[in-house]
Every structure is written in C-alpha cells, then in structure tokens.
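Breakdown of the fold
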Amino acid sequence: MHLLIVEDDPKLGRLLKRLLEEDRHLVELETTGRGGLETALEAPGIEALILDVGLPDISGLEVATKLRESGSSLAILMLTARDTVGDRVTGLDSGADDYLVKPFAYEELSARLRALSRRSVVAPTRVGTRLVNGPIALDEGLRRVSVGTRTVELSPREFSLLECLLRHPGQVMTRDQLLDLAWPYGVAVTLNAVDAYIHYLRDKLGEAGARIETVRGVGYRMAAP
Ligand code: CA
C-alpha cells in the first residue's frame, strides 16, 4: 500500500517507516498535522493514513475531521496514547476507521492495516482505477463496465478477462496468460474456454468488441488506446 504516517515523535515515526518499508509498503512521513493534511490531500495515490492524535499544531482528530469534510475516503488508522473510551469514540466520530492504543506491537499495526486495505477494496463507494480504451471504460473499484454511455453487464469471468486485456493494451496475450490471470488458481479449464469467453465478451461489448483482436494461433490483443 501507499501509506502516509503523521507522527511527531521522530524515533517512532522513523521506526514505523522503516518497518513498513521492509513490508514492501511505500511510505511518506509527516511530523505535523498541517503537513499531514496537505500531503494526504495532495499527494497522489496515498491509500491509508496512520495518524497520531497528539500532534504539535493541529490534532490528529482535527486532521481526520478536515479530511472527511473535504470528501477524502482514505483509510485512517488513528494512534492514541490515551486509552480512554472517550478518546476512542471521538477518534471514530472524527472519521477514523480504526484506532490503536500506544504502545502497540508492530504486528498489531500490520494486522490492522491489512484489515483496512481489505475493507477499502470492498467498499462500494471506493473509486478504483479506471481503465479506458476507446469507448470502453472499466472501473475496478465499482466493478462496472461501460461502452460510451451504455452500462454493460458482465459475468465475473468476463470482467476479469476484459480487465487483463485493458491492462495490456497493444500487447498480444496468449490463451495461457489469460487463463493464468483471469481464472482463479486451481480451476480446471481448457484453452477453448478462453475463446468462448472472448466470444461472449465481444458480443456484449457490441461494436467496441472489435477492439479485441484475434492474433491467429497465439491469442488476443486489445487495440492500443
Ligand atoms: Ca504525538
């Protein structure tokens, strides 16, 4: 995940950043509430915020409130040193998704982040990546496909197949590659299934279906956008 830590304790901030980076997260660190707010609103691609409540300028609670007021749907994990019911309620009221009481074990933080990332993926309001190719648009977050202004209903398998093709425009995808990427691991299917689903997919996309080109003897290619 792409994370932002807002923590004024320099030792804790650096330690968290290092541990999270070792876990292959991309991590930004801010030490003030205002700095954190600005980065959360302006840096592209940040998915979750680890937010300390006690900050030198504006509190973490205020940062969370301001973020929600501005329409941000970033996942927020609040860190609080004060283990009182009142603080927890205030933290969640201000728009945090979860909270952790200091001191905490890194494993605990890591588990909470995993839970948050799972939740944000399934949240129906989440705006995911939009893949666009000609008139075809696929919204990964909303799991919606449209051709021009027309919404197209796809089965989960057709959706995954189209997603794979849209992710590699102009590239030839072999049937094997498409099977690996679009079918769940361990499901027994034949290569003919790929041809059958491509046929359904083209049919549902109408004229735009012609953007899925057959590369004879090899596989399929989504036309370059
Ligand atoms: Ca602090």
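Note that this is a predicted model, so its numbers are computed, not measured. (Residues numbered from 1 in each chain as written. Predicted model: local features only at pLDDT ≥ 70, side-chain atom pairs only at ≥ 80, totals over all residues. Heavy atoms only, no water.)

So, the overall build of the protein
Scanning the protein from terminus to terminus reveals eight helices and twelve strands. A total of 225 residues make up the protein; the buried ones form 42% of that total. The long-range fraction of contacts in the protein, counting pairs at least 24 apart against all pairs at least 6 apart in sequence, stands at 54%. Put simply, the protein shows about 12200 Å² of open surface, and 51% of that area lies on carbon and sulfur atoms. (Helix = DSSP H or I, 4+ residues; strand = E, 2+ residues; numbered from the N terminus. Buried < 20%, exposed > 50% of the residue type's maximum accessible area, 1.4 Å probe, protein only. Contact = heavy atoms within 4.5 Å. Areas by Shrake-Rupley, 256 points an atom, 1.4 Å probe, with all protein chains shown as cover.)

Remarks on the pattern of salt bridges
Any two side chains of opposite charge can pair, so long as their charged atoms come close to each other. Scanning the model with the defined rule gives twelve salt bridges in all. Notably, a salt bridge pairs Arg112 with Asp98, separated by 3.3 Å at the nearest N-O pair. With Arg112 in helix α5 (residues 106-122) and Asp98 in strand β5 (residues 98-101), this residue pair connects regions lying 14 residues apart in the sequence. Given a relative accessible area of 14%, Asp98 falls into the buried group. (Salt bridge = Lys/Arg side-chain N within 4 Å of Asp/Glu carboxyl O.)

Focus on the sheet that holds strand β2 (residues 26-30)
Taken together, the five strands give an open sheet; going across it, the order is β2-β1-β3-β4-β5, and neighbouring strands pair in parallel fashion. Since the sheet does not close on itself, it has two edges, and those belong to β2 and β5, each with one partner. Each neighbouring strand pair of the sheet contributes to a mean axis angle of 20 degrees, computed without reference to strand direction. The sheet contact formed by strand β1 (residues 2-6) and β2 spans five bridges and is parallel. Its bridge partner lying in β2, His2 is registered against Leu26. Here helix α2 (residues 33-42) sits on the sheet in contact with β1, β2 and β3 (48-52), set at roughly 165 degrees to β1. (Pairing = 2+ DSSP bridges. Axes fitted to C-alpha atoms, helices over the stretch in contact; angles between N-to-C directions.)

Focus: the confidence of the model for the protein
With 90% of its residues at a pLDDT of 70 or more, the protein has an overall mean of 86. Residue range residues 121-127 is modelled with pLDDT below 50. Its contacts to residues more than four positions away, or to other chains, number five contacts. (pLDDT = per-residue confidence, 0-100.)

Examining unusual backbone geometry
A cis geometry characterises the amide bond from Lys102 onward to Pro103, with omega recorded as -5 degrees. With respect to the helices, strands and loops of the structure, Pro103 is situated in the loop between β5 and α5. Despite not being glycine, Arg24 shows a phi value in the positive range, around 70 degrees. Mapped onto the elements, Arg24 comes out in the loop between α1 (10-22) and β2.

A few points about the packing of aromatic side chains
According to the stated counting rule, one finds one aromatic pair in the structure shown. Pairing Tyr197 with Tyr200 gives two aromatic rings, centres 5.3 Å apart and planes at 85 degrees, and the pair type is edge-to-face. Taken together, the residues span about one helical turn, with Tyr197 and Tyr200 both in helix α8 (residues 191-205) at a distance of three residues. A residue is classified by how much of its surface remains accessible, and Tyr200, at 42% relative accessible area, is partly exposed. (Phe/Tyr/Trp six-rings, centres within 6.5 Å; stacked < 30°, edge-to-face > 60°.)

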